[in-house]
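The chain contents come next:
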Amino acid sequence: SHTPAGSTAVSASPGQLDTHYAPKAPLTLYDGPSAPRLARMLTEVAAHTARGERVGALVSTEEAGAFQRAGAVTATLAPEGDLDAAAARLYACLRELDASGVARIIAPAIPADDRLGGALADRLTRAASGRIITVD
């Protein structure tokens, strides 16, 4: 049962109600090759942590450890490349980070190279209000 746009009927499918959820803490996405992107994100965590700001990191299972060691509050989205799981957990993770009281949230940009990746990339970009830093 697909709810038409503009309808006020409550949709039963999870995630439908908050397709445009944006966290209270500003979210910045980092785009670029994996190694330099990761290094740049960890540098950001270190810089903010040094100023006494709590940083939330929305990251893959594989990268979570590095961010925890850097002092970030991490929300683990999904294993690298599992876009289904990432899409299912996106808003819960953002809420979790908001609830932990972080001043800002950082996340890797998700490549929009297929339909699901595209939908997820779109949701992330909306949640970030277009704040994307490209790392070379």
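Preceding block: the structure.
These lines cover the structure that appears in this document, whether it is placed above or below. Quantities reported herein were computed from a predicted structural model and do not represent experimental measurements. (Residues numbered from 1 in each chain as written. Predicted model: local features only at pLDDT ≥ 70, side-chain atom pairs only at ≥ 80, totals over all residues. Heavy atoms only, no water.)

Concerning the layout of surface pockets
Gaps left between atoms show up when a probe the size of a water molecule is rolled over them. The condition is simple: The rule is simple: put a 1 Å grid over the protein atoms alone, call a set of points where a 1.4 Å probe fits but cannot get out a cavity, call an open set with protein on both sides within 12 Å along at least five of seven lines a pocket, and count a residue as lining if it has an atom within 4 Å of a point. Grid points are joined across faces, edges and corners, and a volume is the space filled by probe spheres set on the points. Ten residue types, Ala, Val, Leu, Ile, Met, Phe, Trp, Tyr, Cys and Pro, are classed as nonpolar, four, Asp, Glu, Lys and Arg, as charged, and the remainder, Gly among them, as polar.
Considering only enclosed or pocket space, the largest pocket measures out at about 340 Å³ in volume. What lines the largest pocket is a set of 24 residues, and nearest its centre among them are Glu80, Gly81, Ala109, Ile110 and Pro111. Its residues assigned to classes, the lining of the largest pocket shows 14 nonpolar, 4 polar and 6 charged.

With respect to the environment of glycine 117
For clarity, the threshold we go by: Put simply, DSSP H or I for four residues or longer makes a helix, DSSP E for two residues or longer makes a strand, and each gets a number counted from the N terminus. Throughout, a contact is declared for two residues whenever any of their heavy atoms are within 4.5 Å.
By the element assignment, glycine 117 lies in helix H4 (residues 115–127). Note: C-alpha distance between glycine 117 and glycine 81 (36 residues apart in sequence) is 9.2 Å. The residues touching glycine 117, leaving out its near neighbours within four places in the chain, are Leu83, Ile110, Pro111 and Ala112.

Examining the packing of helix H3 (residues 83–99) against H4
Note the following rule: Geometry is summarised by axes, namely lines fitted to C-alpha atoms with helices restricted to the contacting stretch, and by angles between N-to-C directions that run from 0 to 180 degrees. Convention used here: angles under 35 degrees read as roughly parallel, angles over 145 as roughly antiparallel, angles from 65 to 115 as roughly perpendicular, and any remaining angle as oblique. Helix crossings are classified by the rotation of the near helix relative to the far one: an anticlockwise turn of less than a right angle makes the crossing left-handed, while a clockwise turn makes it right-handed.
In contact at an axis separation of 9 Å, H3 and H4 are set at 15 degrees when each is read in the N-to-C sense. Of the possible angle classes, the one that applies to H3 and H4 is roughly parallel. Like other packed secondary-structure pairs, H3 and H4 cross with a definite hand, here left-handed. Side by side, H3 and H4 meet where Leu83, Asp84, Ala86, Ala87, Leu90, Tyr91 and Leu94 of the first sit next to Leu116, Gly117, Leu120, Arg123, Leu124 and Ala127 of the second. Considering only residue class, the contact of H3 with H4 consists of 10 nonpolar, 1 polar and 2 charged.

A word on the pattern of salt bridges
Heads up, the condition is: Definition used for salt bridges: Asp or Glu carboxyl oxygen within 4 Å of a side-chain nitrogen of Lys or Arg.
One pass over the full model with this rule turns up 4 salt bridges. Between arginine 37 and glutamate 63 there is a salt bridge whose closest N-O contact spans 2.6 Å. Residue arginine 37 is found in helix H1 (residues 34–50), and its partner glutamate 63 is found in helix H2 (residues 61–70); the two are separated by 26 residues along the sequence. Linking aspartate 122 and arginine 126 is a salt bridge whose minimum nitrogen-to-oxygen distance equals 3.0 Å. Here arginine 126 and aspartate 122 lie together in helix H4, a separation of 4 residues that amounts to about one turn.

Describing H4
Spelled out, the test is: Helix span is expected to be 1.5 Å times the residue number reduced by one.
Taking 1.5 Å of rise per residue, 13 residues should cover 18 Å, and H4 covers 18 Å from first to last C-alpha, within 8% of that figure. Looking at the buried residues of H4, the elements they touch are strand E1 (27–31), strand E2 (55–59), H3 and strand E4 (104–108). Residue serine 129 follows H4 closely and has a positive phi angle near 50 degrees.

Notes on the side chain of serine 60
For clarity, the cut-off: Accessible area is worked out with a 1.4 Å probe on protein chains only. A residue is then buried under 20% of its type maximum, exposed over 50%, and partly exposed in between.
Here serine 60 shows up in the loop between E2 and H2. Note on serine 60: relative accessible area 8%, which makes it buried.

Examining the sheet that holds strand E3 (residues 73–76)
The criterion, for reference: Strand pairing follows a simple DSSP-based rule, namely that at least 2 bridges must link the two strands.
Spatially, 5 strands are ordered E3-E2-E4-E1-E5 in an open sheet, and the strand pairing comes out parallel. Among the strands making up the open sheet, the edge pair consists of E3 and strand E5 (132–134). Across the sheet, the mean angle separating the axes of adjacent strands is 25 degrees when strand polarity is ignored. Here E2 pairs with E3 via 4 bridges, running parallel. Within the sheet, the bridge partner assigned to valine 59 lies in E3 and is threonine 76. Packed on one face of the sheet, H4 meets E1, E2, E4 and E5 and runs near 135 degrees to E1.

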